[in-house]
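Here's the letter readout for the chains.
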Amino acid sequence: MKRPYYKLVAKANSDGKHAILMYAYTNEGQFKRSISKEIGVYIKKDEWDERSGSIKGKKNHATNQLLTDRLARAYRIIVDYDVLNMHLSHEQFWKEVHGTANRESFLEYYEMESARNYERRQIGKKAYQQELRTLRKLKEWKKEVIYSMINRKFVEEYDAWHAKQFKNSSYDGITERKRSLIHIYKYLNRAKADGLKFIWPFTNFRWPPEKQRLDFLTEDDVRDLMETYEDPDWIQKRLREIGEKRLTRKQDITQFCGPKSVERIREIIRRLVCMCMIGARYSDAIRLRHQEHVFHDKTYLIFTPQKTKDTSGKRVRMMLTDLHWKWFWGPEEADGYLIKKISDQKFNKQLKLVSEIMEIQINLTTHVARHTFATFYLRRGGQIQELQRLMGLSSIDTVMKYVHVTDASMDKGMKQVWGSW
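Residues numbered from 1 in each chain as written. Predicted model: local features only at pLDDT ≥ 70, side-chain atom pairs only at ≥ 80, totals over all residues. Heavy atoms only, no water.

S.K.: Go over the overall build of the protein chain, please, and point to the residues and values.
M.R.: A tally of helices and strands in the protein chain yields 18 helices and 11 strands. Taken across its 421 residues, the protein chain has 44% of its residues classed as buried. Considering only contacts in the protein chain between residues 6 or more positions apart, those separated by 24 or more positions represent 58%. A total accessible area of about 25,500 Å² is found for the protein chain, and carbon and sulfur atoms account for 48% of it. (Helix = DSSP H or I, 4+ residues; strand = E, 2+ residues; numbered from the N terminus. Buried < 20%, exposed > 50% of the residue type's maximum accessible area, 1.4 Å probe, protein only. Contact = heavy atoms within 4.5 Å. Areas by Shrake-Rupley, 256 points an atom, 1.4 Å probe, with all protein chains shown as cover.)

Right, dumping it as structure tokens:
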């Protein structure tokens, strides 16, 4: 196979500046792809030396070093394919050029892919900061991680090292450890999809055991939410109290507790009450539509739950009451949806404010509503098998955690009633 020829040139953009592009010539014909977005370099026309393929007068300039590294990587990709006697197509070449920071270093790959996801807004700022925290821990544990080092022992040893970081504190770090491992899983999976070769480390890997904590709302909490929804003046009063503690400018306080803010809080409360009454995952709840999922003259809600790309295979058939229809959005209110759509992140963020307004002492999230539905159902005499079907769960073991919650609550109640006699 004839090896491609590569060079760097400057090409004028419509705005009068110049972006650095890579041209490649192969036996398949000439083709070109811009890497200016990835590099983020724009220069003036007279700064570029066409002959040397670099910025004039700046031999040790960081940009020149970046361009040199980019070319070196391109040639290394070609040599690797040549040694393996594998055909390197245009498409595969550009995929490898754009997909790896260093074809040997997993840490460089992780760092570059995470930054690209953030730049493309595929992850938010908080998620990006969490991924960088995992990267810092990996670098603290090992200065370099090459793909030949990666196997099940690699992740087991990293998790054991990570667990030691919390040894002298009261915090067990289970959530932090799992989040860190999920980040590693995510970018190893991407590296695997990009054709990088290593032993998949998560086969038969035992994840850190998570302490089950099922927060849920009490019946009094839900009734208070319903009453608060009907009292916008009280919501405004509470927002003003919170705003006066948080903010200093009078104009900001007025905006914080204005009519739009009050209405937004009311919508969040309404959405939360709806979630408590159907017990679906939030991803399932926001796709329910009047025309597609409501049957028999508004008597039944029927849908198939989904979790990521796979369905649980359990169709939910839930009877609806007048109370459901009091809180659902009407067919014309929310583009035909039963629950007005909002992103999971925004919903959870607003729930924290609702929790502060209502003085609810638990970490209020979308999943708390699902736990609340299950707990209410069992406490009112519902059967485990029925709850399994209503929540679309494929395993009875998942339902049993709610039984433990209600058992613990009953034990506490008995102790309060009879323990002091």
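S.K.: Tell me what's going on with a nonpolar patch on the surface, and back it up with residues and numbers.
M.R.: Together, Ile182, Tyr185 and Trp207 make up a nonpolar patch on the protein surface, roughly 270 Å² of accessible area in all. Note that Trp207 resides in the loop between helix 7 (174-193) and helix 8 (219-229). Judged by relative accessible area, which is 31%, Trp207 ranks as partly exposed. (Patch = residues over 30% accessible without salt bridge, like charges linked within 9 Å, V, L, I, M, F, W, Y side chains within 5 Å. Salt bridge = Lys/Arg side-chain N within 4 Å of Asp/Glu carboxyl O.)

S.K.: Explain the pairing of strand 8 (residues 300-303) to me, and be specific about the residues and the numbers.
M.R.: Neither face of strand 8 is open: one carries Tyr300 and Ile302, the other Leu301 and Phe303, and all of them are buried. Where strand 7 (residues 294-295) lies against strand 8, two bridges are found, and the strand directions are antiparallel. Its bridge partner lying in strand 8, Phe295 is registered against Tyr300. Counting the residues in the hairpin turn of strand 7 and strand 8 gives four residues, including His296, whose phi is positive at 55°. Bridge analysis of strand 8 against strand 11 (residues 316-319) gives four bridges, and the strand direction is antiparallel. Across the sheet, residue Ile302 finds its bridge partner in strand 11, namely Arg317. (Pairing = 2+ DSSP bridges.)

S.K.: If you had to explain unusual backbone geometry to someone new, which residues and values would you point to?
M.R.: One non-glycine residue, Arg121, lies in positive phi territory at about 65°. As for its placement among the helices and strands, Arg121 is situated in the loop between helix 4 (106-119) and helix 5 (125-141). By relative accessible area, Arg121 is classed as exposed at 75%.

S.K.: Explain the sheet that holds strand 8 to me, and be specific about the residues and the numbers.
M.R.: Pairing is antiparallel across the open sheet formed by three strands, whose spatial order is 7-8-11. The open sheet has two edge strands with one neighbour each: strand 7 and strand 11.

S.K.: Please set out the environment of Arg264 residue by residue, giving values where relevant.
M.R.: Position of Arg264 among the secondary structure elements: in helix 11 (residues 259-278). With 86 residues separating them along the chain, Arg264 and Gln350 place their C-alpha atoms 8.7 Å apart.

S.K.: Tell me about the nonpolar core, residues and numbers included.
M.R.: Grouped together as the largest cluster of nonpolar side chains are 60 residues, with contacts concentrated most on Leu217, Leu239, Leu272, Ile278 and Leu301. The element that contributes the greatest number of residues to this core is helix 11, accounting for 11 residues. Beyond its immediate stretch of four places on either side in the chain, Leu272 contacts Leu217, Leu225, Phe347, Leu351, Leu364 and Ala369. Ranked by size, the runner-up nonpolar core spans 24 residues in total, among them Leu138, Tyr147, Ile184 and Leu196. (Core = buried A, V, L, I, M, F, W, Y, C linked by side-chain atoms within 4.5 Å.)

S.K.: Requested: an account of the pattern of salt bridges, with residues and values cited.
M.R.: Oppositely charged side chains are able to pair whenever their charged atoms sit close together. Counted according to the given criterion, the structure contains 23 salt bridges. Note that Glu267 and Lys340 form a salt bridge whose closest N and O atoms lie 3.1 Å from each other. With a gap of 73 residues between them, Glu267 in helix 11 and Lys340 in the loop between helix 14 (322-327) and helix 15 (344-358) connect regions that are remote in the sequence. You can call Glu267 partly exposed: its relative accessible area is 21%. As a salt-bridge pair, Arg287 and Asp284 come within 3.4 Å of each other at their nearest N and O atoms. According to the relative accessible area criterion, Arg287 is partly exposed, its value standing at 24%. By relative accessible area, Asp284 is classed as buried at 2%. Here the residues in one salt-bridge network are Arg133, Lys137, Glu176 and Arg179, joined through shared partners.

S.K.: I'd like a rundown of the layout of surface pockets, residues and numbers included.
M.R.: Estimated volume of the second largest pocket: approximately 600 Å³. Taken together, 18 residues form the lining of the second largest pocket, with Cys276, Met277, Leu323, Phe373 and Phe376 sitting closest to its centre. Of all the secondary-structure elements, those providing two or more residues to the lining of the second largest pocket are helix 8, helix 11, strand 11, helix 14 and helix 16 (366-379). In terms of residue count, helix 8 provides more of the lining of the second largest pocket than any other element does, four residues in total. When its residues are assigned to classes, the lining of the second largest pocket shows 11 nonpolar, four polar and three charged. (1 Å grid on protein atoms, 1.4 Å probe; cavity = no way out; pocket = protein on both sides within 12 Å on 5 of 7 lines; lining within 4 Å. Points joined across faces, edges and corners; volume = space filled by probe spheres on them. Nonpolar A, V, L, I, M, F, W, Y, C, P; charged D, E, K, R; others polar.)

S.K.: Can you tell me about the packing of aromatic side chains, naming the residues and giving the values?
M.R.: One pass over the structure, following the stated rule, counts 20 aromatic pairs. Residues Phe202 and Trp207 carry aromatic rings whose centres are separated by 5.4 Å and whose planes lie at 20° to one another, so their mutual orientation is stacked. Here a set of aromatic residues connected by ring pairs shows up, and it is made of Phe106, Tyr110, Tyr147, Tyr185, Tyr187, Phe198, Trp200, Phe202, Phe205 and Trp207. Looking at Lys142, its charged tip hangs above the ring of Trp141, at a distance of 4.8 Å from the centre. Here the guanidinium or amino end of Lys192 rests over the ring plane of Trp200, the centre of that ring lying 5.0 Å away. (Phe/Tyr/Trp six-rings, centres within 6.5 Å; stacked < 30°, edge-to-face > 60°. Lys NZ or Arg CZ within 6 Å of the ring centre and 35° of its normal.)

S.K.: Could you give an account of the environment of Leu217, naming the residues involved and the relevant values?
M.R.: Structurally, Leu217 can be placed in the loop between helix 7 and helix 8. Classification of Leu217 by relative accessible area gives buried; the value is 0%. In contact with Leu217, other than residues within four places in its own chain, are Val222, Leu225, Leu272, Cys276, Ile360, Ile362, Leu364, Val368, Thr372 and Phe376.

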